[in-house]
Amino acid sequence: LVAAGLVQGPVDVYESTITKKSKESKKCRNSGHTNHGNTGGKQLYPGSGALGRDIGVGIWSTAWWPFLRSVKEGLSNSADDDEGGDNKNTLADMIQQQKNRQSYQTLLQDLEACGSYVKDVGYRTPNGSWLVKSELNASPFGIQDLLDDNINSKSIDDDDPALLFVREKDLLSCLRNAIKIEQRLGTVKYHSGVRVDGIENVNGDLGSLVLQSTTNASDGDEKGSSISPQYHLIIAADGLHSPLRSRFAGHNSSHVTGTGMESSSSRKAPKDTLEYKWEHTKGQREATQVEDREYIVFRGNAPKLESSQEDGSGSFQTWGEERSMRFAAVPFRHETEDLDDDDDDSNSNSGHYSKSQSFISKKQMDEEVWFATISDPAFIDTVKASTGALNAIEQKKLLLEAFGPWHKPIKTLIETTPADKIMFDLAVAHRHNARPVFDVGRIMEFELWQQKRKAKENGSQSHNGDGKIYGRGPILSFIGDSYMTVDPVLAQGFTMAMESGATIVQSVEQILVHPGATSSTPIYQPKLLRDKLLQRHYSRERRLLQLLRSTELVQRLAQPHGFGAILATWIIRPVVKLCPEGVKKRVFDYMIRYSLGLTGDRGDSGGKQ
């Protein structure tokens, strides 16, 4: 959209983590995500962080279908031009001409080069018996098929979903390297080491971000503070504990919570006051609340198993019978080195940096990424305690005591993972999703009113002037974990985030190139964008609801506790085993498609119905 001249560029991306490698650093650097050593790999914050971890993560093909579609449309437009088509000067044509992005092609090629597709999957019981087996699409329609014009046998619209496993740090560096291509073209500006603390300078439909340089964080002063340019649209992708989410989301909470919750203070306030009009206390906290899921997640990378240690299962997920226990493992292949560059390859004549070029050396490693969940108080209470965590050796011993009696090769996977490399954290999730915010100015005005009232109660003087904010302010939209963090059950966190980014682009494009547009110059209409983003929110909410239902079902069956454990172990699972394999496979495949939003009215999704 920037390249086509429809959106003012560059797009500013603010990342609080310093992603540039220092001159003293080695090829492999520490993300600062975990504490290694005697206390093991306790995670310092939830989510992937900016640099990522060594663990493998899954991305479903619905995440990259929008990129493929864009490249396909751009190639089709180029083919029409080559055939001598008419001059194309409409807004829609201007966008079409820019859709075949080199950054998209590089990203898709690099992701496939960095990881491997999952084929054999299924659910098991602790004794090793299979509840259900299936196969995923291990050779999906990809960027090379598109570039080679291999569309006779395959297409995006007739493709089954595929699951690609890559190292988390490789996924994130692939994305950053794609951004670098756009930086050279002037469409994007990537600000590393800059934290967003809030929104200020609201005027009409515009507003600025309050920025803080994280390189000066240790100085204890405000010399790194600044104000950004003004924006019409701000996208918060800053994770579970997003400060923009906690401050601005949930004020219109009756829809978000679905309960119409009302704060006690607003019931007592006069109807013409700000306090009455805004759901600002109990309801807002409910809408933005982070919920402890009462179990702990362990993750690790084990060496590739020898054939004598394997049982021929490939990828599997084993459902426990008590204490919310579950274990899963996926074999995957990745580079042996951290491929992230130093963000300074100005001497390169390649035109763009591609990670896939590094794979010529074939320096790859086969590993088994595994994760385990458990709600045993021996783990939970220690992690929650302020003293820290168990000794890494003791923690690994407890894991082996809990999961060691399970089927082959679970014990071997845990045993061969170094104790201090086993990462863990408490499972947390948001209770509700965050809808886009269209009245940032109104919320800021309410905050000023609160500050003024507090100053009056304390007998001090308020310095907030007339307490007025002139305008609605910029639109604030949330994606990724800041939109809603869900339980890590079906490996769709990154997938949901990438899908969300694509749908925001589609929304902006549609309001600039709407059917009623007659001018060749784009006209920004805030109301149109608010309406379109609200429609998008409801569409994404349906997609999210399907994921949440699937997650809840699998979680109740796979991580049982209390009476649910008895029901799952002695009734549900025996019935499942008695079902014909063909029926179970169809149900399993349907559940995967349902969780990805590929059933019924697929809306903006791709793939085969």
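Our subject is the structure listed above.
Residues numbered from 1 in each chain as written. Predicted model: local features only at pLDDT ≥ 70, side-chain atom pairs only at ≥ 80, totals over all residues. Heavy atoms only, no water.

S.K.: How do you make sense of the sheet that holds strand β10 (residues 194-203) when you look at a structure like this?
M.R.: Pairing between the strands of a sheet comes from backbone hydrogen bonds, and it takes one of two forms, parallel or antiparallel. Spatially, the three strands line up as an open sheet ordered β10-β11-β12, and their pairing is antiparallel. Among the strands making up the open sheet, the edge pair consists of β10 and β12 (225-231). The sheet shows a mean angle of 30 degrees between the axes of neighbouring strands, direction not considered. One ladder, built from seven bridges, connects β10 with strand β11 (residues 206-213); its direction is antiparallel. Within the sheet, the bridge partner assigned to Val194 lies in β11 and is Ser213. (Pairing = 2+ DSSP bridges. Helix = DSSP H or I, 4+ residues; strand = E, 2+ residues; numbered from the N terminus. Axes fitted to C-alpha atoms, helices over the stretch in contact; angles between N-to-C directions.)

S.K.: Just to check I follow, could you spell out the state of the cysteines for this structure?
M.R.: A covalent bond between the sulfur atoms of two cysteines is referred to as a disulfide. One pass over the full model with this rule turns up zero disulfides. Cys114 carries a free sulfur, and the closest cysteine sulfur to it, the one in Cys174, is 3.7 Å from it. (Disulfide = S-S within 2.5 Å.)

S.K.: Where do I start with the packing of helix α15 (residues 493-512) against helix α16 (residues 526-558) in this structure?
M.R.: Each packed pair of helices is defined by two parameters, the angle between the axes and the distance between the axes. Put simply, α15 and α16 touch, their axes get as near as 9 Å, and they point 155 degrees apart. The angle between the axes of α15 and α16 places the two elements in the roughly antiparallel class. In the packing of α15 onto α16, the handedness of the crossing is right-handed. On α16, the residues that touch Thr495, Met496, Glu499, Ser500, Thr503, Ile504, Ser507, Val508, Gln510 and Ile511 of α15 are Leu528, Leu529, Lys532, Leu533, Arg536, Arg540, Arg543, Leu544 and Leu547. Here the residues of the contact of α15 with α16 are counted per class, giving nine nonpolar, five polar and five charged. (Parallel < 35°, antiparallel > 145°, perpendicular 65-115°, else oblique. Left-handed = near helix turned anticlockwise from the far one by under 90°. Contact = heavy atoms within 4.5 Å. Nonpolar A, V, L, I, M, F, W, Y, C, P; charged D, E, K, R; others polar.)

S.K.: What's the story with the nonpolar core in this structure? I'm lost.
M.R.: The tendency in soluble globular proteins is for nonpolar side chains to be buried side by side. Counting 74 residues, the largest nonpolar core has Leu68, Tyr123, Ile199, Leu244, Phe248, Leu476 and Phe478 as the members making the most contacts within it. Residue contributions to this core peak at five residues, all from α16. Excluding its chain neighbours within four sequence positions, the residues that come into contact with Leu476 are Ile199, Ile234, Ala236, Leu244, Phe248, Pro436, Val437 and Val440. Counting residues in each nonpolar core, the second largest holds 23 residues, with Ala302, Phe327, Ile380 and Val383 among its members. (Core = buried A, V, L, I, M, F, W, Y, C linked by side-chain atoms within 4.5 Å. Buried < 20%, exposed > 50% of the residue type's maximum accessible area, 1.4 Å probe, protein only.)

S.K.: How do you make sense of the pattern of salt bridges when you look at a structure like this?
M.R.: All chains considered together, the criterion is met by 25 salt bridges. Between Asp170 and Arg167 there is a salt bridge, with its nearest N and O atoms 3.2 Å apart. Of the residues examined, Arg167 reaches a relative accessible area of 5% and is grouped as buried. Linking Asp487 and Arg293 is a salt bridge whose minimum nitrogen-to-oxygen distance equals 2.9 Å. Of this pair, Asp487 sits in the loop between β19 (475-478) and α15 while Arg293 sits in strand β14 (residues 290-303), placing them 194 residues apart in sequence. Residues joined by salt bridges that share partners form a network here, namely Asp54, Arg167, Lys169 and Asp170. (Salt bridge = Lys/Arg side-chain N within 4 Å of Asp/Glu carboxyl O.)

S.K.: Mind showing me how you'd approach the sheet that holds strand β5 (residues 116-117) here?
M.R.: Here we have three strands laid out as an open sheet, ordered β4-β8-β5, and antiparallel in their pairing. With one partner strand each, in any of the chains shown, β4 (56-60) and β5 form the two edges of the open sheet. Examined bridge by bridge, β5 and strand β8 (residues 163-167) share two bridges and lie antiparallel to one another. The residue bridging Tyr117 from the neighbouring strand is Leu164, located in β8. Set on the sheet, helix α3 (residues 102-114) makes contact with β4, β5 and β8; between it and β8 the angle comes to about 80 degrees. The strands touched by helix α5 (residues 168-185) are β4 and β8; relative to β8, the strand with the most contacts, the crossing angle is about 95 degrees.

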